[in-house]
Amino acid sequence: MNKDIGTSRVVEADVVVCGGGVAGTMAAVAAARQGASVVLVERYGFLGGNATAGAVAQFNSWQTGNGRKVVAGLADEVVERLRRYGGAREHDRFVMSTGHHMDRVEYEPEVLKLVLDDMVAEAGVQPLLHASLLDVQCEGRRVAGLRVLTKGGVLALRPAVLVDASGDMDALEQAGARFLELGGGEALQPATMMFRFGPIDFERFGALSKAELAELAARGYAQGGLARAALHSSRVPHSDDAWFNISRLAIDATDPMALGGAEIEGRRQAWKAAAFIAASVPGCGNGRLRAFGTQVGVRETRRVEGDHVLTAAELLEPVQFADAIAAGAYPIDIHPAQGGSLHYVPMDDDHAYQIPYRSLIPGALDNALGVGRGISASHEALAAIRVMTISMAVGHAAGIAAAMAAKAAGEGMGAQVRAVPVPALREALLRGGAVLA
Ligand SMILES: Cc1cc2nc3c(=O)[nH]c(=O)nc-3n(C[C@H](O)[C@H](O)[C@H](O)COP(=O)(O)OP(=O)(O)OC[C@H]3O[C@@H](n4cnc5c(N)ncnc54)[C@H](O)[C@@H]3O)c2cc1C
């Protein structure tokens, strides 16, 4: 499988996944379980992306408001494994300030690192950690290879199928894929520096009503202590700490200067917010900031232009796609780049929508797929489908599809993601416990 040419080592694989966030890790595991040889490229020394480095710490929306399950499969397995390590709290349903129901599983990001390590190792995926994408080589509409920068120098990878799970769709951008533009008045959703705060007296903090929390948050925002008028947090399992999601950084995270600046500004905002919480929020008086996220969490950057562009209308009046490969129920939830508020379009209690396979296929390429928060969706639709539950479900589907495409690549005929038989893909997903509607 490996050979040396000149100074570069070349590694061939059926599937190379670029980016080890939750979407990429699920894609890699799913592909390997289908028997594909898989290399998973990740720039950090651990997997998880926003879910670990970004410390997002709660998986949202497994169900419709009335309790119909819409995400399962590999995503459920992640939660079961977290529980075995004691790293996830019980599934929790709550009423939001809009009066609608939402459900979530709060988890410990450090434990998720172990879970993803286990899943990758057991599936036989070759993890390539501390490896950053350098460039991608194409021959016409085909990705021929990519090069990654590692501690040992430049490594060349030759996949039959490339799955871009880098969030920012760095590999597809290098491969010359087309991307969707923001429309009139739209702006990228802001990034957030999560921070861990504790100890908290949850008896008192948890007893605060929605109205009391909203009043405290509005006061903190008006006084300049909070960058966002919210006190949104995830409790860390088996501890008196919570991860707070309340800073707001209006940047394009693919701009390296802006990204570095946001890390610094994010820590400043978090520090100020922690001071406000300790001084003003009941139950938090003994607390202090204990940790920052390893990096700012990024909600939105590039969205690839795929064979189908999923729109908000298709989520709100749900379209039954013949090539549906995942479902979701998370509402449209746009954090505006400026100001303290949220733009929120809630869904009815039995409302679920579907994601078509064609939204994973970059229009300009034949042997590549995109997964996670950069799939082919409008800005508004992405604001719903970006959550980790759905990202995992989409990754699960892409991994199986990539393995199928690689396996079907005949003599002299490269892998074709559009030739994947969708009924067989859907059957494989259902066998793996996924929900498609
Ligand atoms: C602040 C915040 C709060 C959120 N709240 C929630 C919530 O409460 N519940 C919920 O379910 N979802 C939430 N989300 C959404 C969710 O976390 C993300 O949309 C989701 O994690 C995206 O997963 P991903 O795998 O597509 O991308 P990412 O998590 O961005 O993963 C991309 C991976 O690729 C790697 N990578 C990137 N570029 C390269 C490169 N050039 N070379 C090598 N590796 C690379 C990264 O290191 C990373 O590991 C939130 C997001 C943010 C930012």
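Just so we're clear, the structure is a prediction, and the values are computed from it rather than from any experiment. (Residues numbered from 1 in each chain as written. Predicted model: local features only at pLDDT ≥ 70, side-chain atom pairs only at ≥ 80, totals over all residues. Heavy atoms only, no water.)

A.B. asks: Even after reading the chapter, I still don't get the sheet that holds strand 4 (residues 58-60), so can you show me in this structure?
C.D. replies: Sheet architecture is open: three strands sit in the order 4-6-5, paired in antiparallel fashion. The two strands at the open ends of the sheet, each matched to only one other strand, are strand 4 and strand 5 (92-95). Ignoring strand direction, the axes of neighbouring strands in this sheet form an average angle of 35°. In terms of strand pairing, strand 5 meets strand 6 (residues 101-106) through four bridges, oriented antiparallel. Following the sheet pairing, Asp-92 is matched in strand 6 by Arg-104. (Pairing = 2+ DSSP bridges. Helix = DSSP H or I, 4+ residues; strand = E, 2+ residues; numbered from the N terminus. Axes fitted to C-alpha atoms, helices over the stretch in contact; angles between N-to-C directions.)

A.B. asks: Hey, could you run me through the nonpolar core in this one?
C.D. replies: Counting residues in each nonpolar core, the largest one holds 93 residues, and the members touching the most others are Phe-59, Ile-325, Ile-355, Tyr-357 and Ile-385. It is helix 10 (residues 388-408) that provides the largest number of residues to this core, a total of 14 residues. Apart from residues lying up to four places away in sequence, Phe-59 is in contact with Val-78, Val-79, Leu-82, Asp-103, Arg-104, Val-105, Tyr-107, Leu-112, Met-388, Thr-389 and Met-392. Grouped together as the second largest cluster of nonpolar side chains are 30 residues, Ala-230, Ala-273, Leu-289 and Val-298 included. (Core = buried A, V, L, I, M, F, W, Y, C linked by side-chain atoms within 4.5 Å. Buried < 20%, exposed > 50% of the residue type's maximum accessible area, 1.4 Å probe, protein only. Contact = heavy atoms within 4.5 Å.)

A.B. asks: Which parts of the structure should I look at to understand the site of the ligand?
C.D. replies: The environment of the ligand is made up of 32 residues, and the closest members are Glu-42, Arg-43, Asn-50, Asn-60 and Arg-386. Backbone polar atom of Gly-21 to an oxygen atom of the ligand: 3.5 Å apart, as the coordinates give it. Between the ligand and the protein, one listed contact pairs an oxygen atom with a backbone N or O atom of Arg-373 at 3.0 Å. Mapped by element, the contributors of at least two residues to the shell around the ligand are helix 1 (22-33), strand 4, strand 8 (132-139) and helix 10. Here the shell around the ligand takes three residues from strand 4, the largest share from any one element. (Near = heavy atom within 4 Å. Polar contact = N/O pair within 3.5 Å; in protein donor to acceptor, adjacent residues only side chain to side chain.)

A.B. asks: Help me understand unusual backbone geometry, please; the structure alone is not making it clear to me.
C.D. replies: Residues other than glycine predominantly adopt negative phi, and peptide bonds predominantly adopt the trans conformation. The omega torsion across Gly-198 and Pro-199 is 0°, close enough to zero to call that bond cis. Within the secondary structure layout, Pro-199 lies in the loop between strand 11 (195-198) and helix 5 (202-205). Located in the positive-phi region is Ala-55, a residue other than glycine, with phi close to 55°. Tracing the chain through its elements places Ala-55 in the loop between strand 3 (38-41) and strand 4. Residue classification places Ala-55 among the buried positions, given a relative accessible area of 1%. With a phi angle near 50°, His-130 is a residue other than glycine that sits in the positive phi range. The residue His-130 is located in the loop between strand 7 (126-128) and strand 8 in this model.

A.B. asks: Looking at this structure, I do not really get the domain arrangement of the protein. What am I missing?
C.D. replies: By a frequent convention, interface size equals the accessible area lost on bringing the separate parts together. Once the domains are mapped, the protein shows domain 1 (2-185 + 300-431) and domain 2 (195-292). Spacing between the C-alpha centres of domain 1 and domain 2 amounts to 28 Å. Listed by partner, the interface residues are 27 residues for domain 1 and 19 residues for domain 2. In total, about 1,700 Å² of surface goes out of reach between domain 1 and domain 2, with carbon and sulfur atoms giving 52% of it. Linking domain 1 to domain 2 there are one salt bridge. The partner of Arg-196 in a salt bridge is Glu-108, with the nearest N and O atoms 3.3 Å apart. Counting across the interface, domain 1 meets domain 2 through five residue pairs in polar contact (both at pLDDT 80 or more). Partitioned by chemical class, the residues of the side of domain 1 that touches domain 2 number eleven nonpolar, ten polar and six charged. (Domains from an automatic or database assignment. Buried area = accessible area lost by both parts, 1.4 Å probe. Salt bridge = Lys/Arg side-chain N within 4 Å of Asp/Glu carboxyl O. Nonpolar A, V, L, I, M, F, W, Y, C, P; charged D, E, K, R; others polar.)

A.B. asks: Help me understand the side chain of Ser-378, please; the structure alone is not making it clear to me.
C.D. replies: Along the polypeptide, Ser-378 turns up in the loop between strand 19 (368-370) and helix 9 (379-385). Polar side-chain contacts of Ser-378 include one of 3.1 Å to the backbone nitrogen of Ala-381. Not counting the four nearest positions on each side in its chain, Ser-378 is found in contact with Arg-303, Val-309, Leu-310, Thr-311 and Ala-312.

A.B. asks: I'm lost on the packing of aromatic side chains in this one. Help?
C.D. replies: By convention here, two paired aromatic rings are described through the distance between centres and the angle between planes. A full pass over the atoms with the stated rule returns seven aromatic pairs. With a centroid separation of 5.5 Å and an interplanar angle of 10°, the aromatic rings of Tyr-44 and Phe-46 are classed as stacked. A relative accessible area of 22% means that Tyr-44 is categorised as partly exposed. Pairing Phe-202 with Phe-205 gives two aromatic rings, centres 6.1 Å apart and planes at 75°, and the pair type is edge-to-face. (Phe/Tyr/Trp six-rings, centres within 6.5 Å; stacked < 30°, edge-to-face > 60°.)

A.B. asks: Please clarify how helix 11 (residues 422-431) should be interpreted in this entry.
C.D. replies: Each turn of an α-helix holds 3.6 residues, which means side chains three or four residues apart point in the same direction. For helix 11, every residue scored as buried is listed here: Val-422, Leu-425, Ala-428 and Leu-429. The buried residues of helix 11 occupy an angular sector of 120° when projected down its axis, which confines them to one face. Facing away from the buried side of helix 11, by more than 90 degrees, are the exposed residues Pro-423 and Arg-431. Each element contacted by the buried residues of helix 11 is listed here: strand 15 (324-328) and helix 10. Following helix 11 by one or two positions, Gly-433 has its phi on the positive side, about 90°. (Arc of directions from axis to C-beta.)

A.B. asks: Where do I start with helix 1 in this structure?
C.D. replies: Between its first and last C-alpha, helix 1 extends 16 Å over twelve residues, near the 16 Å set by a 1.5 Å rise per residue. For helix 1, the buried fraction is high: eleven of the twelve residues fall into the buried class. Within the sequence span of helix 1, burial applies to Val-22, Ala-23, Gly-24, Thr-25, Met-26, Ala-27, Ala-28, Val-29, Ala-30, Ala-31 and Ala-32. (Expected span 1.5 Å × (residues − 1).)

A.B. asks: I'm lost on the pattern of salt bridges in this one. Help?
C.D. replies: Two side chains carrying opposite charge are able to pair once their charged atoms lie near each other. By the definition in use, this model includes 25 salt bridges. Put simply, Glu-106 and Arg-104 hold a salt bridge, and the shortest N to O gap is 3.6 Å. Between Arg-290 and Asp-241 there is a salt bridge, and its shortest N-O distance comes to 2.9 Å. Taken together, the residues span a long stretch of sequence, with Arg-290 in strand 14 (residues 288-292) and Asp-241 in the loop between strand 12 (233-235) and strand 13 (242-244) at a distance of 49 residues. Using a relative accessible area of 39% as the deciding quantity, one classes Arg-290 as partly exposed. When salt bridges that share partners are traced, they join Arg-33, Glu-77, Arg-81 and Glu-122 into one network.

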